[in-house]
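Secondary and tertiary structure notes
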Amino acid sequence: MLEDRAGSEDAPDGSGADTTTADPILEVRNLSTQFFTAEGQVNAVESVSFDVYDGEIFGIVGESGSGKSVTALSILDLVESPGRVTAGEIWYRNPDLADDMRDSHPEAVEGEYVDTRRVPTGVRRSLRGPTFSMIFQDPMSSFNPSITVGEQLAEAIEVQRRARANPRSTRSRTQGYGLGRFLTDSLLPSRSYVSAESRERATGLLDQVGIPDSAERAAEYPNQFSGGMLQRAMVAQALAGEPDVLIADEPTTALDVTIQAQILDLLADLQDEEDMSVIMITHDLGVIARMCDRVGVMYAGEIAERGSLTDVFDRPVHPYTEGLLESIPDPDDPAPRLQPIEGNVPSLIDSEMGNRCYFADRCPKAMDECVAEKPAEVDTAGSAEHRVRCVLAEREYDPTRALSGTEEDREREASADD
Amino acid sequence: MALGRFVLKRALQGIVVVWGVVTVVFGLRFITPGNPISVIAPLDASPETRQAIARELGLNDPLYVQYLDYLLGLLQGDMGYSYISNTQASAQVFARLPATLELAVVATIVAVVISIPLGVLSATRRNEPADYGATLFSLAGISTPNFWLGIMLVLVFAVQLEIFKTSGRGPGFVSALSMLVTQGSAAGLLSWLSYITLPALALGTYFTALITRLTRSGMLDELGSAYVKAVRAKGLPETLVRYKHALRNTLVPVITVLGLQLGTLIGGAVITEAVFDWPGLGTLVITSITARDWPILQGSLVVIGVGFVLINIAVDTLYAYVNPQVVYE
Amino acid sequence: MISPRTLGNLRREFRSSALAKLGVLIVVVVVGVAVLAPMFAPHDPTTQNLDRSQLPPVGFSTTTNSTSTEMVNGSLEVINETNEINATLTYPLGTDSLGRGMLSRVIYGARTSLLVGLLGTILAAVVGVSVGLVAGYYRGRVDDTLMRSADVMLAFPSLVLAIALVGLWGRAAWRVPDPLVVAGITPEMPASFVLPGTVIVVVGLVNWVWFARVARGEALSVREQSYVKAARSVGASNSFIIRRHILPNSATPILVLGTIQVAAIILLESALSFLGFSGTTLSWGFDIARGRDYLASSWWISTVPGIAIVLSVIGINLLGDWLRDALDPGIGGEGGSGGA
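Thresholds, definitions, all that
Residues numbered from 1 in each chain as written. Chains lettered and ligands numbered in written order. Predicted model: local features only at pLDDT ≥ 70, side-chain atom pairs only at ≥ 80, totals over all residues. Heavy atoms only, no water. Helix = DSSP H or I, 4+ residues; strand = E, 2+ residues; numbered from the N terminus. Buried < 20%, exposed > 50% of the residue type's maximum accessible area, 1.4 Å probe, protein only. Contact = heavy atoms within 4.5 Å. Phe/Tyr/Trp six-rings, centres within 6.5 Å; stacked < 30°, edge-to-face > 60°. Lys NZ or Arg CZ within 6 Å of the ring centre and 35° of its normal. Core = buried A, V, L, I, M, F, W, Y, C linked by side-chain atoms within 4.5 Å. Pairing = 2+ DSSP bridges. Axes fitted to C-alpha atoms, helices over the stretch in contact; angles between N-to-C directions. Parallel < 35°, antiparallel > 145°, perpendicular 65-115°, else oblique. Left-handed = near helix turned anticlockwise from the far one by under 90°. Nonpolar A, V, L, I, M, F, W, Y, C, P; charged D, E, K, R; others polar. Buried area = accessible area lost by both parts, 1.4 Å probe. Salt bridge = Lys/Arg side-chain N within 4 Å of Asp/Glu carboxyl O. Domains from an automatic or database assignment. Patch = residues over 30% accessible without salt bridge, like charges linked within 9 Å, V, L, I, M, F, W, Y side chains within 5 Å. Areas by Shrake-Rupley, 256 points an atom, 1.4 Å probe, with all protein chains shown as cover. Lys, Arg positive; Asp, Glu negative; His and termini not counted. Charge placed at Lys NZ, Arg CZ, Asp CG, Glu CD.

1. As for the overall build of chain C
- Within chain C, the regular secondary structure consists of 12 helices and 4 strands.
- The dimensions of chain C, computed from C-alpha atoms along their principal axes, are 100 × 45 × 40 Å.
- Looking at chain C residue by residue over its 340 residues, the buried ones come to 52%.
- In chain C, 76% of the contacts between residues at least 6 apart in sequence involve partners at least 24 apart.

Shown next as structure tokens:
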């Protein structure tokens, strides 16, 4: 059954690593997100598939501009014009929601799973908080500067509290609060949207993420917080809805090195306590190695290689993965061995991409077939889930077939292929 | 409290500005050709009469004595006597003040009530017909001289349709309201409306258009910002995303610009009054300039300047309330 | 000062925005008409012709009641006549109460508006930018003093101050010979053009504050840049740093502000001449004021010049929007002081 739903994908049917014994909480299939700009159509995310299991940390790693953050926003349905999720399925395991939706939207339901792309917008919105929540890269710009931190946390709690009070109506969560209600509630302090209970719970959450003097800090504005403290507050805010899947988008990039480790420890502890799944997005393989159970390597909007940590770190197939691993400085061997990958991520403009491997121009092992046709995602050695989008998965590198000449030559050849 | 200290600081700065205003107003007379005596004295006045007038007005005193006299007079509410009618200037000026305030307040209320929802609508329905309509309206609104708009309103509503009054003030809001309370009659209020509607529209349109533009572009900026994404990720209802979060932050620059544009509001009131014969400070300023009635002109300018400073302090306080960070800076 | 990247931004924004194209079109037309006014105007805008007064614009007609007394059979009789007045193509936009063609007056009025707008803006910019750069560069007491005086200026509504200054200083005006007439191209038009001197000086003086604020802000941020610090460390003089580094960096926001200010000053000039505080009678505001007395009979005398103002100011504002969107100077909605 899962095979049908997953289309060309193999079912994650329980062989291999121990994390795959259960059904995944989230199955992303062939997700594509495009931006329609004046310069042309940009394929920010192209046919991305991966699974996230209960209680695991799944990592997505890649350079900036590889489509990691857009993937996260696509899952939360937060992509904004001129961008749009154009294809794919996001299957989320939730028996209650599946029962709710089975009659009205049978096409979006499959067993215990619901395709969040095919349920109405209101339902999709209501999943934000209790199902998905997100930690953003830069805490300073991700809090409203003119509202106290406590109030912003309390809002996140309140919206879920109100939803639980009215469980039968997923839609009323987001649509039942109109402008009229807002105006009357704002004029009367006693009828404020956020209840005293939620405020109390917000202070509790601040405590839980290790912010001292939480009651006082709750009354402060974001600009009175340090970056690290504010990121803790953001973690607390993301926990407010007790989410099944927490997406952390570069949660430590904007922070000092010393603070980074604290936030990562906090996330690891909380993930343990709350038994939620985490999607960790980062450009730092060190973070992946430290935090994650399984990982997907993104390049130019695609997942180039994915699998367990051992698959990707010890038996990488894709030359891009190898390149990333080689570019990590080794603290034990500080000799100048650092090998940056030549070149830059391509522009992703649809008309310039062509039916070819997007990495070929930078690839030290590029061969003629790399620019002849785009490689499909195929199984490869290692765990059952080790999949890679590279011709080297099926044949050895053959120097005699190497792509020759300058980059310009290759580009010309490539465009002649179109 | 922090907010109280902030207001106090702004008030002290305001006093300095008011002092500057008074000094400029006082100095204006000395950089202007013509002698006040010729305004007061009859054309055939003898040199003795002219001397007597000069002595009475203190025109022979050294400049600093005249300046201190004027400052001390103002502190006691004394603006001198009109050169023309020889009545107390302060009495004339303050008699005109309520009419101008009423016009400016009504125009501002109309502008704020229309423009902010319109700006939000325009931003949230971007590139839809409602947005195009609002954009077109606001572009035309900031490009239309309010005196001409006033005349066009008169042409359409008074000359052709004969609905509204085109000149004068009618009963005034306070007496219209007291009529409603004491006699239970809405006639006064209706009459008040028939007088104030056209001038308020003429004066308010520019501000409606300006605030619509600012609100639209501000909302677009805020709705595209990182924190709005984070607020949406929490699952908050769109109403709260728009009004509690985005609009609130949009109002911060809107209030700043409004404070800066207050002068335009008062200047606009002056010319609107001229179009509709509204008995306010504006018409008083224009007649006193033509007549070279210095005490009236100076008194009006001082009142306008002080009013501007007071409203600015109020705007800054509102600003600090909406955007609490400024208090701590 | 204008980098290729800037030009690229301008071009891209222009291509993608229909409003920017409309703005440029309007401004080009208005400027062209103003410069070549004697060639476009069908009649001398100052020649009165009472036989042809209050003619309606093409497409409209009006009736007038004229009352006259005549000797009929030895006694005075009052004769009421109702005349249908039809428009004539000779005066496409009608005529005013003195029989002067509205089209010609609107065309010549564009000259007054644009000249006052441009010269006033230049004056305001020179004064304001100088004050602002000095205040922002030297900071401290110089800054406090200059900016407090700017606050005092702001406390006077620019229209009120302008009325007071023009009213009190008189309405000096210069007669400038019209080159097109002097050259003999259009000999039938007025030989000289009246430039309202006091008005130009006054609108410049009451609007410098906006430029001072923007220039000060730029100076404050640019002076902290490392290349300015470097220049200072090698002993460059203050005036050299201001001219060489700070002024060019302030050019973009000042250009955008200047565009908005031209629109604002055109509105201010029309308000002044509407109230009668102007040095010329060839002005849109002046004609609007004259038309007020004829609203019931000849609506077009006030309407036509008003439409000319609205269209021109819309064009300039669109031009300003285009520059602002393309150059992103970060001055938001400040600096317009129109509406008057």
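2. Comments concerning the packing of aromatic side chains
- One pass over the structure, following the stated rule, counts 15 aromatic pairs over all chains.
- With a centroid separation of 5.1 Å and 70° between ring planes, the pair formed by A:Tyr320 and A:Phe359 is classed as edge-to-face. A residue pair is termed long-range when its members are at least 10 positions apart, and A:Tyr320 in helix 15 (residues 319-326) and A:Phe359 in the loop between helix 16 (350-353) and helix 17 (368-372) qualify at 39 residues. As far as the burial class goes, A:Tyr320 and A:Phe359 line up, both buried.
- Measuring from centroid to centroid gives 4.4 Å for B:Phe147 and C:Phe274, while their planes differ by 25°, and the two rings are stacked. Taken together, the residues B:Phe147 in helix 7 (residues 146-160) and C:Phe274 in helix 10 (residues 238-274) connect one chain to another.
- Pairwise contacts between aromatic rings join B:Phe26, B:Phe30, B:Tyr67 and B:Tyr70 into one cluster.
- If you follow A:Arg217 out to its NZ or CZ, it ends over the ring of A:Phe225, 4.4 Å from the centre.

3. Considering the nonpolar core
- Counting 288 residues, the largest nonpolar core has A:Leu26, A:Phe50, A:Ile247, A:Ile279, A:Met280, C:Ile163 and C:Leu272 as its most contacted members.
- Here this core takes 16 residues from helix 10 of chain C, the largest share from any one element.
- Contacts of A:Phe50, omitting those with residues within four sequence positions, involve A:Leu26, A:Glu27, A:Val28, A:Arg29, A:Phe58, A:Ile60, A:Thr71, A:Ile75, A:Ile279, A:Ile303 and A:Arg306.
- Among the nonpolar cores identified, the runner-up in size contains 9 residues, and C:Val33, C:Ala41, C:Tyr108 and C:Phe193 belong to it.

4. Here's the deal with the sheet that holds strand 3 (residues 57-61) of chain A
All names here are of chain A.
- Spatially, 8 strands are ordered 7-8-9-3-10-11-13-12 in an open sheet, and the strand pairing comes out mixed. Two strands in the sheet have a free side with no partner beyond their single neighbour: strand 7 (132-135) and strand 12 (378-379).
- Of the pairings in the sheet, the one linking strand 12 to strand 13 (residues 387-388) comprises 2 bridges and is antiparallel in character. Each residue of the ladder has a partner; that of Asp379, found in strand 13, is Arg387.
- Helix 11 (residues 227-239) rests against strand 7 and strand 8 (245-249) of the sheet, and its axis sits at about 175° to strand 7.
- Lying on the sheet, helix 15 is in contact with strand 3, strand 10 (294-299) and strand 11 (302-308); it crosses strand 10 at an angle near 105°.

5. So, the packing of helix 6 (residues 158-169) of chain C against helix 10 of chain C
Residue and element names in this part refer to chain C.
- Direction vectors running N to C along helix 6 and helix 10 enclose 50°, while the axes themselves pass 11 Å from each other. In terms of orientation, helix 6 lies oblique with respect to helix 10. For the crossing formed where helix 6 meets helix 10, the hand is right-handed. Within the contact between the two elements, helix 6 uses Leu159, Ala162, Ile163 and Val166 and helix 10 uses Leu268, Ala271 and Leu272.
- Classifying every residue of the contact of helix 6 with helix 10 gives 7 nonpolar, no polar and no charged.

6. Some remarks on the interface of chain B and chain C
- With 51 residues of chain B at the interface, the matching set in chain C holds 48 residues.
- Both faces combined, the contact of chain B with chain C buries some 4100 Å², and carbon together with sulfur accounts for 77% of it.
- At the junction of chain B with chain C, the criterion picks out 1 salt bridge.
- Note that B:Arg213 and C:Asp321 form a salt bridge whose closest N and O atoms lie 2.7 Å from each other.
- Of all the elements in the fold, those that place two or more residues in the side of chain B that touches chain C are helix 1 (2-28), helix 6 (129-143), helix 7, helix 9 (187-223), helix 11 (238-260), helix 12 (262-276), helix 13 (281-291) and helix 14 (294-322) of chain B.
- When the residues that make up the side of chain B that touches chain C are grouped by side-chain class, the tally is 37 nonpolar, 12 polar and 2 charged.

7. Regarding the domain arrangement of chain C
Residues and elements named next belong to chain C.
- Domain annotation of chain C identifies domain 1 (4-55 + 93-339) and domain 2 (60-90).
- On a C-alpha basis, the centres of domain 1 and domain 2 stand 45 Å from each other.
- Between domain 1 and domain 2, the contact holds 6 residues from the first and 6 residues from the second.
- Both faces combined, the contact of domain 1 with domain 2 buries some 510 Å², and carbon together with sulfur accounts for 72% of it.

8. Quick look at a negative patch on the surface
Residues and elements named next belong to chain A.
- Together, Asp269, Asp272, Glu273, Glu274 and Asp275 make up a region of like negative charge exposed at the surface.
- Mapped onto the secondary structure, Asp272 falls in helix 12 (residues 257-274).
- Given the relative accessible area of 63%, Asp272 is considered exposed.

9. Quick notes on the pairing of strand 7 of chain A
Residue and element names in this part refer to chain A.
- Residues Phe132 and Met134 of strand 7 are buried on one face, and the alternating residues Ser133 and Ile135, pointing to the opposite face, are buried as well.
- Pairing between strand 7 and strand 8: 4 bridges, direction parallel. Looking across to strand 8, one finds that Phe132 is bridged to Val245.

10. A look at the sheet that holds strand 4 (residues 83-93) of chain A
All names here are of chain A.
- With antiparallel pairing, 5 strands are arranged side by side in an open sheet as 2-1-4-6-5. Since the sheet does not close on itself, it has two edges, and those belong to strand 2 (40-53) and strand 5 (109-110), each with one partner.
- Bridge count for strand 1 (residues 24-37) against strand 4 is 8 bridges, and the pairing is antiparallel. Counterpart to Leu26 in the pairing with strand 4 is Tyr92.
- In the packing of helix 2 (residues 68-75) onto the sheet, contacts are made with strand 1, strand 2 and strand 4, and the angle to strand 1 comes to roughly 110°.

11. Notes on a positive patch on the surface
Residues and elements named next belong to chain C.
- On the surface, Arg5, Arg11, Arg12, Arg15 and Lys21 cluster together into a patch of positive charge.
- Counting through the fold element by element, Arg15 comes out in helix 1 (residues 4-16).
- Of the residues examined, Arg15 reaches a relative accessible area of 59% and is grouped as exposed.

12. Thoughts on a nonpolar patch on the surface
Residue and element names in this part refer to chain C.
- Residues Val31, Val35, Leu36, Met39, Phe40 and Ile185 make up a contiguous nonpolar surface patch of roughly 520 Å² in combined accessible area.
- Sorting the residues of the nonpolar patch by element identifies helix 2 (18-35) and helix 3 (37-40) as the ones contributing at least two each.
- Here Phe40 is to be found in helix 3.

13. Examining the pattern of salt bridges
- The full count for this structure, using the stated rule, is 41 salt bridges over all chains.
- Linking A:Glu56 and A:Arg294 is a salt bridge whose minimum nitrogen-to-oxygen distance equals 2.7 Å. Highlighted residues: A:Glu56 in the loop between strand 2 and strand 3 and A:Arg294 in strand 10, separated in sequence by 238 residues. Here A:Glu56 and A:Arg294 have matching classes, each one buried.
- For B:Asp316, the salt bridge is made with B:Arg10, and the minimal N-O distance between the two is 2.3 Å. One end of the pair, B:Asp316, is in helix 14; the other, B:Arg10, is in helix 1, with 306 residues separating them in the sequence.
- We classify B:Asp316 as buried; its relative accessible area is 19%.

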